[in-house]
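# Architecture at a glance
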Amino acid sequence: MTGLSDTAREKLAHVSTATLTTQLLKRGLRNQCLQGVSRLTTHDRNMVGEAFTLRNIPAREDIDGISAYDDYDHPQRKAIETIPAGKILVVDCRQDASAASAGNILLTRLQVRGVGGFVSDGGIRDSYEIAEYDIPCYVGGPSAPTSLIKHHAVAELNTPIACGGVAVYPDDVLVGDAEGLVVLPAHLAEEIAEQSFEQEKMEVFIHEEVASGKPLRGTYPPDEATKARYVEWQKKRDAEA
C-alpha cells in the first residue's frame, strides 16, 4: 500500500459525501457513512486522509482513576504523539458521547503535529474553543467529563475499530464535509475518487437541465440523448477554460 495519490486526494477534497455514498453503493457498500458523528469545526474544504485508529473499551473504576494519565505511555497520549502527520485519528468510543474523548490541549498537539483531522463517536470537551481550530474535528457531541469515567484506551494502536457504526481499518480513507463523514476502503479510494469527480461534473450539467425546465424522465438518470448533450456541453466548457 503506497497511500493515497495527490491526484485522488485533490479530487476527494472537492466531491460531496453524498456523491461518495452513491459510488460506494454501486460497489455494494451500504454502511460507510458514520452515524451520530458531526462536524464541529468549520472549513471551506473537505477533510481527507488515511485512518490511524484508537480503540476504547468501557472504563473500570479500579483501573481508570485520574492517575492513569500520569503514565506518559497512556494509549490515548501515545496515539496523539505517534500518529503520522497527515493522517486522521479515529477514536472508537462505542458511540458513547457522555464523556470526552479529547479536549483542547490534545487537539492543539494534533494540530501542531500536522495531523489531518480528529474523528470520534464519543464526546469532546472544550468544544467551544476547538470549534475555531484549523484541524478538522468530527465528534459525537460536546461533553464536559473526562474520558476516564467511561473510556479505557486499549494499548494496541492502529487496529480495526468501529466508529459511528462503521468498520474502520487502518489506512482506510476518510472524507468529511459539512453533511457527513464517509469511510472509503483503501483499495477502492483511487477509483472512487476518479468516478466521483466525473459524476459531479455530470450532475452540474443535469442540474442546469432540470433548472431550465427539463423533466426528470430522460434527464435524471440521463438517457442517451441527455448524455450526448452532456458531451457537447463539456466540450464547450473545456474550450472556454
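For the structure given in this document, a descriptive report is provided here.

What counts, and at which threshold
- Residues numbered from 1 in each chain as written.
- Predicted model: local features only at pLDDT ≥ 70, side-chain atom pairs only at ≥ 80, totals over all residues.
- Heavy atoms only, no water.
- Salt bridge = Lys/Arg side-chain N within 4 Å of Asp/Glu carboxyl O.
- Helix = DSSP H or I, 4+ residues; strand = E, 2+ residues; numbered from the N terminus.
- Buried < 20%, exposed > 50% of the residue type's maximum accessible area, 1.4 Å probe, protein only.
- Lys, Arg positive; Asp, Glu negative; His and termini not counted.
- Contact = heavy atoms within 4.5 Å.

### A look at the pattern of salt bridges
When their charged atoms lie close together, side chains carrying opposite charge are able to pair. One pass over the full model with this rule turns up 11 salt bridges. The salt bridge involving Lys201 is made with Glu198; its shortest N-O contact spans 3.4 Å. Pair noted here: Lys201 and Glu198 are both in helix 6 (residues 189–211), with a separation of 3 residues, about one helical turn. Judged by its relative accessible area of 26%, Lys201 falls in the partly exposed class. Residue classification places Glu198 among the partly exposed positions, given a relative accessible area of 34%. Close ionic contact of Glu224 with Lys227 constitutes a salt bridge, the shortest N to O distance being 3.7 Å. Residue Glu224 and its partner Lys227 are located together in helix 7 (residues 224–240), separated by 3 residues, close to a single helical turn. On the basis of relative accessible area, Lys227 is assigned to the partly exposed category, the value being 37%.

### Notes on the side chain of Glu200
Turning to its location among the elements, Glu200 is positioned in helix 6. Despite its burial, Glu200 remains without a salt bridge, the nearest opposite charge being carried by Arg237 at 11 Å. Setting aside residues no more than four positions away along its own chain, Glu200 makes contact with His14, Val15, Ser16 and Thr19.

### A look at unusual backbone geometry
In this chain, Tyr220 is followed by Pro221 through a cis amide linkage whose omega measures 5 degrees. With respect to the element layout, Pro221 can be found in the loop between helix 6 and helix 7. The backbone of Arg94 shows a phi angle near 60 degrees, a positive value even though the residue is not glycine. In this fold, Arg94 is placed in the loop between strand 3 (88–92) and helix 4 (104–112). At Asn158, a position not held by glycine, the phi torsion is positive, near 60 degrees.

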